[in-house]
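Remarks on the overall topology
Listed below are the residues making up each chain.
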Amino acid sequence: MEAVMNNVTIEKAKTSKIKDVDFDNLSFGSIYTDHMLVCDYKNGQWQAPKVVPYQPITLDPSSKIFHYGQSIFEGMKAYKDESGSVWLFRPLENFKRLNKSAKRMAMPELPESYFMDGLTTLLQVDSDWIPQSAGSSLYIRPFMFASGNGFHASPADEYKFIIALAPSGSYFSGKVKVLIEKQYSRAANGGVGFAKTGGNYAGQFYPTRLAAEKGYQQVIWTDDNNHEYIEEAGAMNVFVRINDMLLTAPTNDRILDGITRKSILDIAKDEGIKTEIRKVSVKEVVEAAKNGSLKEMFGAGTAAVVSPISAFGYEGVDYDLPELEDSYASLLKKRITDIQYNRAEDKFGWRHEVV
Ligand SMILES: Cc1ncc(COP(=O)(O)O)c(C=O)c1O
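Cut-off values and rules
- Residues numbered from 1 in each chain as written.
- Predicted model: local features only at pLDDT ≥ 70, side-chain atom pairs only at ≥ 80, totals over all residues.
- Heavy atoms only, no water.
- UniProt positions renumbered as here; feature names shortened; annotations may be inferred.
- Helix = DSSP H or I, 4+ residues; strand = E, 2+ residues; numbered from the N terminus.
- Buried < 20%, exposed > 50% of the residue type's maximum accessible area, 1.4 Å probe, protein only.
- Contact = heavy atoms within 4.5 Å.
- Near = heavy atom within 4 Å.
- Polar contact = N/O pair within 3.5 Å; in protein donor to acceptor, adjacent residues only side chain to side chain.
- Areas by Shrake-Rupley, 256 points an atom, 1.4 Å probe, with all protein chains shown as cover.
- Nonpolar A, V, L, I, M, F, W, Y, C, P; charged D, E, K, R; others polar.
- Core = buried A, V, L, I, M, F, W, Y, C linked by side-chain atoms within 4.5 Å.
- Domains from an automatic or database assignment.
- Buried area = accessible area lost by both parts, 1.4 Å probe.
- Salt bridge = Lys/Arg side-chain N within 4 Å of Asp/Glu carboxyl O.

Looking at an unreviewed UniProt entry, one finds the chain named Branched-chain-amino-acid aminotransferase, with Flagellimonas marina as its source organism. Per its UniProt entry, the chain bears the Sequence similarities (unreviewed entry) comment "Belongs to the class-IV pyridoxal-phosphate-dependent aminotransferase family."

Focus on the environment of Met116
Positionally, Met116 belongs in helix H3 (residues 112-125). Exposure remark for Met116: the relative accessible area of 10% places this residue in the buried category. Apart from the residues within four sequence positions on either side, Met116 is in contact with Pro91, Leu92 and His352.

Overview of the site of the ligand
The local shell around the ligand holds 15 residues, among which Lys196, Tyr201, Glu232, Thr260 and Thr302 are the closest. Contact between the ligand and Ile259: an oxygen atom at 2.8 Å from a main-chain N or O atom of the residue. Residue Thr260 places a side-chain N or O atom 2.6 Å away from an oxygen atom belonging to the ligand. Across the complex, the protein chains shield 96% of the 380 Å² of accessible surface that the ligand would expose by itself. Among the secondary structure elements, those contributing two or more residues to the shell around the ligand are strand E14 (236-242), helix H5 (259-270) and strand E17 (294-301). In terms of residue class, the shell around the ligand is built from 6 nonpolar, 5 polar and 4 charged.

Points about the side chain of Glu296
Among the secondary structure elements, Glu296 is positioned in strand E17. Accessibility expressed as a relative area gives 5% for Glu296, which makes it buried. Engagement of the side chain of Glu296 in a polar contact is seen with the backbone nitrogen of Tyr328, the distance being 2.7 Å. Polar contacts involving the side chain of Glu296 include one to the main-chain amide nitrogen of Ala329, which spans 2.9 Å. Residues within four places of Glu296 in sequence aside, it is in contact with Phe239, Val240, Arg241, Leu321, Leu324, Ser327, Tyr328 and Ala329.

Section: the nonpolar core
Counting residues in hydrophobic clusters, the biggest one holds 38 residues, and the most contacted among them are Phe115, Leu123, Ile140 and Phe161. Contributions of two or more residues to this core are made by strand E2 (8-11), strand E3 (35-42), strand E7 (76-80), strand E8 (86-89), helix H2 (91-104), H3, strand E9 (137-146) and strand E10 (159-168). Within the second largest apolar cluster, 22 residues are counted, among which are Val176, Val178, Val240 and Tyr319.

Section: the domain arrangement of the chain
If you check the domain split of the chain, you get domain 1 (2-168) and domain 2 (176-340). Look at where the C-alpha atoms of domain 1 and domain 2 centre, and you get two points 28 Å apart. Listed per partner, the contact involves 20 residues of domain 1 and 21 residues of domain 2. Where domain 1 abuts domain 2, roughly 1800 Å² becomes buried across the two surfaces, and 59% of that area is made up of carbon and sulfur atoms. Joining domain 1 to domain 2, the criterion identifies 1 salt bridge. Across the pair Lys262 and Glu93 runs a salt bridge whose closest N-O atoms are separated by 3.1 Å.

Structural data, given as structure tokens:
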């Protein structure tokens, strides 16, 4: 049985898996809803998007995704408020970033209506899957990859855009201990660090594993030149508070232009917190840790929202951060999540209702 909503064809799953899900004990991104959105690119254009039952994908072994890694993705969330209304947070920013990544990876850009109408239709079909309990949300994973065939090292002629949904609990529990990286790099000048492409993440796994063996949960990435400046925290942007000044690196072609990062900067300004977007050197962070002016460090990203750092390691020494009662991290996390879950006024116009 097929239906059509917002110009999107819907093929409903015959049975639902929802009764098997324990919504009180959700992990992050490991169970998936009944449906997904699929949109194919062929003959030089995007075909109409469809909502279909969640299912495996069959690909030819010569599909270019397997060989040349043409793949990009986004990460967003849908939030259900107390009255059951469903909200997205700045979804057009994710859409624009998806196309920025697509362009860099020589992949076709997606029309805005396919993204927004496809996503809202999928969310309406699977709305029962959006958790309502505190701290939970529906994680949204839009992604695109080269499904076209051929061993020739050139862009594919066919692609698939898919949106999959995963009801999720919190990403990290508690504070994280991080290692400031001195050897490996996440991204390079002129490279693809600003794009959300799979290889950027695959390249992080090995150094992150080495850090984990030494007791650190995350790596703080530094510039690829001399490893002098702090750039990102794992798959998050990073903030450093020295005295009462909140610092974060400017985005460039090595750093992902995080939506949480820019929202935090706006909220901080609104709270009267002094902010500076500038290069932050490892040296000054180490010195601040030694003289007591380093008050906080935290990662910022959609999955964990704000993730406080308890300690960092650098050149064999661990530096602990103080436990603050009124941290910027908790204030900023509360302000941003209150907007996301429709618990507070949205003076910035960031909330987008799914109707
Ligand atoms: C490398 C990297 N940096 C930063 C972020 C944070 O971006 P956002 O706040 O848009 O989720 C992410 C997550 O998407 C990321 O993968």
